[in-house]
Amino acid sequence: MSAIAGRKLVVAVTGGVAAYKAAELVRLLGKAGADVHVVLTDAGSRFVTAVTFQALSGNTVWSDLWDPRMPNNMAHIDLTRGAAAILIAPASADVLAKIVHGMADDLLTTMCLARDCPLLVAPAMNRQMWENPATARNLARLREDGVHVLGPDTGEQACGEVGMGRMLEPEVLVEAVTAFFSDKLLGGRKVVMTAGPTFEAIDPVRGITNTSSGKMGYALAQACARAGAEVVLVSGPTALQAPYGVRRVDVRSALEMRAAVMDNLDDADVFVGVAAVADYRPAQPAEHKIKKSGDGLVLELTPNPDILAEVAARASPPFCVGFAAESRDLDIYAQGKLRAKRLQLVVGNLVQDGLGGDLNTVVLYDAEGRTPLQRASKDEVALGIVARLAARLTQQLR
Ligand code: CTP
């Protein structure tokens, strides 16, 4: 279950072109199970109407401090009562400046002053407004006051300029809010991971690879980041986007993957090998495209280094987690890998249960034995793995 499910969230929409994205944000937060209540400022209503937000949230949209529909005339208090957070998205330069000074001249600013829940803001403005020293000062003050600033992003702006100041995309904001509410089971830890397949060149246009969508590794990287870890994801070729808050290092071959892991391993508390690393690579990749001939072709393969085993064999290794995707005899092979590679945890699954799809059935193996997790989405499975990993890590450090 998402960390935002069942929470009351007040989403405030201020005046900025990015207000059109707030509609999608409200939809996605609702889909994740949040009870969303929208506050729309006057300037916000110039961009998107209350009808849109009412339809998407299923709740009344509030704009006016003096709205007679609120029986006690205390909209600024009642709206945030029981709320898990206020999220202002988009947050204009103007509203940020007002909040810094504790101004309370409309429903939103009064509500922010009267709140007893966290305040999250997703700034959105033209890049020059963002770079203005006044905005920088305001942002610094807001952070000092405990306000959580999400973004902004850099890129194309509605004004035609390119630069810093774009609001984070709705799905990224949902991820940031989910991370905000997640238990920080791995707070302060550094996790280095591998994911996806590797690709071993035969010639400039052909290669050997493994079947791996990367979905399980990416879901686990996301779960570790939500749990507060600094995450470095060394990824073979996949079609996936790097999860929010995760630093991705792109590689192709097993040798590149090994080098990137070793480069990032300093201070790592945890190493997780999820990648389906090719066990062999062509001994002599051809410099030019191999031309077809009537004869057969014999490829000489040479073994790749075992990245996980190498990390686990270091003098003071991080907590090492391996994956074992098997087509039969899961218990035997997974427990064998736990011992042979000297790992602290192995996540085993039968390939027919998880490969390529969105669901997975896994069994966790560690010094205490085997723990099957329920068949669930790869995101849910990742949460289960993080919980076990965090518990074992704490025990080990005691
Ligand atoms: N692994 C690795 N480097 C390799 C091979 C595997 O880091 N060259 C890691 C994988 O990321 C995974 C674990 O080791 O976490 C087990 O991988 P797997 O391919 O199942 O095992 P192998 O040791 O290669 O054994 P086999 O292919 O014979 O099952």
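Let me sum up the structure you'll find in this document. Keep in mind that this is a model prediction, so the values were computed, not measured.

1. Observations regarding the overall build of the chain
Helices and strands together make up the secondary structure of the chain, namely 15 helices and 21 strands. Projected onto its principal axes, the C-alpha positions of the chain cover 80 × 50 × 40 Å. Out of the 398 residues belonging to the chain, those deemed buried represent 47%. In the chain, of all internal contacts separated by at least 6 residues, the share reaching a separation of at least 24 is 66%. Carbon and sulfur atoms provide 51% of the accessible area of the chain, an area that totals close to 19,100 Å². Separation of charge centres in the chain, based on 41 positive and 44 negative side chains, amounts to 3 Å.

2. Some points on the packing of helix α1 (residues 19-31) against helix α3 (residues 50-57)
Across the interface, α1 lies against α3 with an axial gap of 8 Å and an inter-helix angle of 15°. When the axis of α1 is compared with that of α3, the two are roughly parallel. Relative to α3, α1 is oriented so that their crossing is right-handed. Of the residues in α3, those touching α1 at Ala19, Ala22, Ala23, Val26 and Arg27 are Thr52, Phe53, Leu56 and Ser57. Classifying every residue of the contact of α1 with α3 gives 6 nonpolar, 2 polar and 1 charged.

3. What about the site of the ligand?
Around the ligand, a shell composed of 13 residues is seen, among which Gly273, Ala275, Phe323, Lys337 and Lys341 lie nearest. For the ligand, an oxygen atom lies 2.7 Å from a polar atom in the side chain of Lys337. About the coverage of the ligand: the protein hides 76% of its 560 Å² of free accessible area. Those elements that place two or more of their residues in the shell around the ligand are α12 (307-312) and β16 (319-326).

What counts, and at which threshold
Residues numbered from 1 in each chain as written. Predicted model: local features only at pLDDT ≥ 70, side-chain atom pairs only at ≥ 80, totals over all residues. Heavy atoms only, no water. Helix = DSSP H or I, 4+ residues; strand = E, 2+ residues; numbered from the N terminus. Buried < 20%, exposed > 50% of the residue type's maximum accessible area, 1.4 Å probe, protein only. Contact = heavy atoms within 4.5 Å. Areas by Shrake-Rupley, 256 points an atom, 1.4 Å probe, with all protein chains shown as cover. Lys, Arg positive; Asp, Glu negative; His and termini not counted. Charge placed at Lys NZ, Arg CZ, Asp CG, Glu CD. Axes fitted to C-alpha atoms, helices over the stretch in contact; angles between N-to-C directions. Parallel < 35°, antiparallel > 145°, perpendicular 65-115°, else oblique. Left-handed = near helix turned anticlockwise from the far one by under 90°. Nonpolar A, V, L, I, M, F, W, Y, C, P; charged D, E, K, R; others polar. Near = heavy atom within 4 Å. Polar contact = N/O pair within 3.5 Å; in protein donor to acceptor, adjacent residues only side chain to side chain.

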